[in-house]
Amino acid sequence: MARLLDPDFAGWIIGAATRGAWPHDFIRLAAVSRPDSDRATDHELGTETMSHPPIATAIPSSSLHQIFRAADARALATGSPVARLHVGEPYFTSPPEVAEAIAEAQRAGRTSYTDVEGLPELRRALTAKLERENGIDAPISRIFVTPGSCQGLQALLLSLAEPGTEILLPDLHWPIHVQQSLLAGLRPVFYSLDDRYFPDLESIAERSGPNSRILLVNSPANPTGAVLDADRIEGLLTLARDRGWQVISDEAYEHFVYEGDHLSLAASERQLPVEKRIVHSVFTFSKSLAMTGYRLGYVVPATDEAAAGMRVVQEAGIIAPPTPVQYGGIAALQMPDVAAANRKLVQQNRDTVLPALRDAGLIRELPPGGWYAMVDISSTGLGAEAFSAQLLAERSVAVVPGSGFGLRPQLDDRGALVAMDTDSHADNLVRIAFCVDPEVLKSGVDALLAFVDERKAR
């Protein structure tokens with residue numbers, strides 16, 4: 001369905017949230033178009049072409065941020081807490097040693113520029129971590145420290161993108177991946193997932209084409225929690241090599257696997273000469289070490305050529321990553337047990353609270369990885385956006401509509417964004433985060449289940 005972009009959209013949903021009732025299509029951002037009066041005409045331009053808005057202004061804000069603001073507005077308006085199951089913010093905090101290392105770096109005056117790739121000391125520590133935990137052999141020359149993995153992903157896409165070519169993304173995806181692809185001048189093409197949210201190889205092969213260049217894989221996945229095994233990884237990489245694609249492996253949730261082990265895609269390539277490799281890996285300190293606000297991540301390009309491109313993008317974009325925070329990263333890497341302890345906390349939440357959703361038929365199985373579960377709310381008769389709006393208004397529980405994870409941008413021949421549709425299946429789903437405080441998770445899930453029962457009884 002097409003959706004109009006409204007410059008006052010964020011204010012509209014926040015205002016609706018404070019009144020306790022949103023229109024059911026509060027996230028429908030329909031066709032990207034401007035009134036004729038806002039367009040430059042042929043006469044005005046003196047050309048035969050019509051102007052387009054800048055790509056960044058045409059891309060809608062992520063539904064994740066819209067719900068974040070709406071939940072804040074709801075809490076402010078009612079004076080009561082909101083069960084915030086919408087955001088991947090852990091209830092545990094980063095080790096105090098991280099903050100102390102950053103403070104000490106500042107006190108000691110270690111605040112000047114570093115290399116564009118980051119501190120050599122941190123990159124050497126990351127080389128050891130990648131070898132030990134991920135099976136990836138990467139010298140410091142192919143490790144880039146970034147202000148969060150999100151910025152790292154954007155820089156990587158910019159360094160790999162051939163404008164106008166295609167990137168293959170999963171049907172259910174982190175919406176930031178779509179935004180980043182469009183900003184890099186890529187055309188997103190979406191591949192199917194099976195009933196357990198694993199990539200469908202036949203779908204990838206069928207939906208790709210001669211202009212496909214990049215395959216993006218996210219395991220453990222946001223928003224589905226799917227974790228790829230060795231056979232699926234090999235199938236994906238074989239297809240990518242056969243088609244001449246580059247592969248981006250987003251491994252933000254690498255330490256949060258509850259069934260089996262996390263497997264890094266690039267580990268499958270360590271027997272290949274570096275120049276033959278195709279997997280570019282992206283990691284973050286945000287999840288494993290609860291360092292969300294520190295903004296610290298790292299990227300491992302597959303080849304020296306890709307690293308050279310990444311270096312140019314980083315020089316142009318950030319000059320160098322923030323120095324004191326990198327010393328915090330060094331301290332964090334000296335505490336490998338912290339990530340394992342944090343995984344146990346999130347798994348305990350999953351194992352204690354989420355079975356109630358499975359027993360109610362709202363999820364098929366407990367998510368094998370990550371921080372999120374996709375809840376099927378089709379039995380209520382409500383679409384995801386209406387369900388989320390009413391759940392927040394009536395029960396003060398914030399979840400994210402699945403439509404925000406099923407975006408389908410429509411581009412014209414020039415690559416301009418003309419509409420933003422959504423996948424119809426995504427409209428039956430909402431995402432909840434189970435990395436939150438256990439009591440908040442329990443109360444939020446209980447309220448969601450009661451709301452579902454009430455709707456089904458009508």
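Cut-offs and rules
Residues numbered from 1 in each chain as written. Predicted model: local features only at pLDDT ≥ 70, side-chain atom pairs only at ≥ 80, totals over all residues. Heavy atoms only, no water. Helix = DSSP H or I, 4+ residues; strand = E, 2+ residues; numbered from the N terminus. Pairing = 2+ DSSP bridges. Salt bridge = Lys/Arg side-chain N within 4 Å of Asp/Glu carboxyl O. Buried < 20%, exposed > 50% of the residue type's maximum accessible area, 1.4 Å probe, protein only. Phe/Tyr/Trp six-rings, centres within 6.5 Å; stacked < 30°, edge-to-face > 60°.

## Details of unusual backbone geometry
- Going from Ser219 to Pro220, the amide bond is cis rather than trans, its omega being -10 degrees.
- Within the secondary structure, Pro220 sits in the loop between strand 5 (212-218) and helix 10 (230-243).
- Even without a glycine there, the phi angle at Tyr197 is positive, about 70 degrees.
- Note on placement: Tyr197 falls in the loop between strand 4 (187-191) and helix 9 (201-207).

## Regarding the sheet that holds strand 11 (residues 400-401)
- Taken in spatial order, the three strands make up an open sheet running 9-14-11, and their pairing is antiparallel. Of all strands in the sheet, those with a lone pairing partner are strand 9 (372-376) and strand 11, marking the two edges.
- Taken together, the two bridges between strand 11 and strand 14 (residues 429-433) define a ladder with antiparallel strand orientation. Bridge pairing in strand 14 links Pro401 to Val430.

## Some details on the pattern of salt bridges
- Tallied over the entire structure, the rule returns 24 salt bridges.
- The closest approach of N and O atoms between Arg123 and Asp115, which form a salt bridge, is 3.9 Å.
- In this structure, Arg395 engages Glu454 in a salt bridge whose closest nitrogen and oxygen atoms are separated by 2.8 Å. Of this pair, Arg395 sits in helix 15 (residues 384-395) while Glu454 sits in helix 16 (residues 438-457), placing them 59 residues apart in sequence.
- A relative accessible area of 29% means that Arg395 is categorised as partly exposed.
- Counted as one network, the salt bridges with shared partners bring together Asp171, Arg207, Arg408 and Asp423.

## Let's talk about the packing of aromatic side chains
- In total, this model carries nine aromatic pairs according to the counting rule given.
- Arranged with centres 5.3 Å apart and planes meeting at 80 degrees, the rings of Phe256 and Trp371 form a pair that is edge-to-face. With a gap of 115 residues between them, Phe256 in the loop between strand 6 (246-250) and strand 7 (279-284) and Trp371 in the loop between helix 14 (355-359) and strand 9 connect regions that are remote in the sequence. In this structure, Phe256 and Trp371 share a single accessibility class: buried.

Interpretation in functional terms is not warranted from these geometric data alone.
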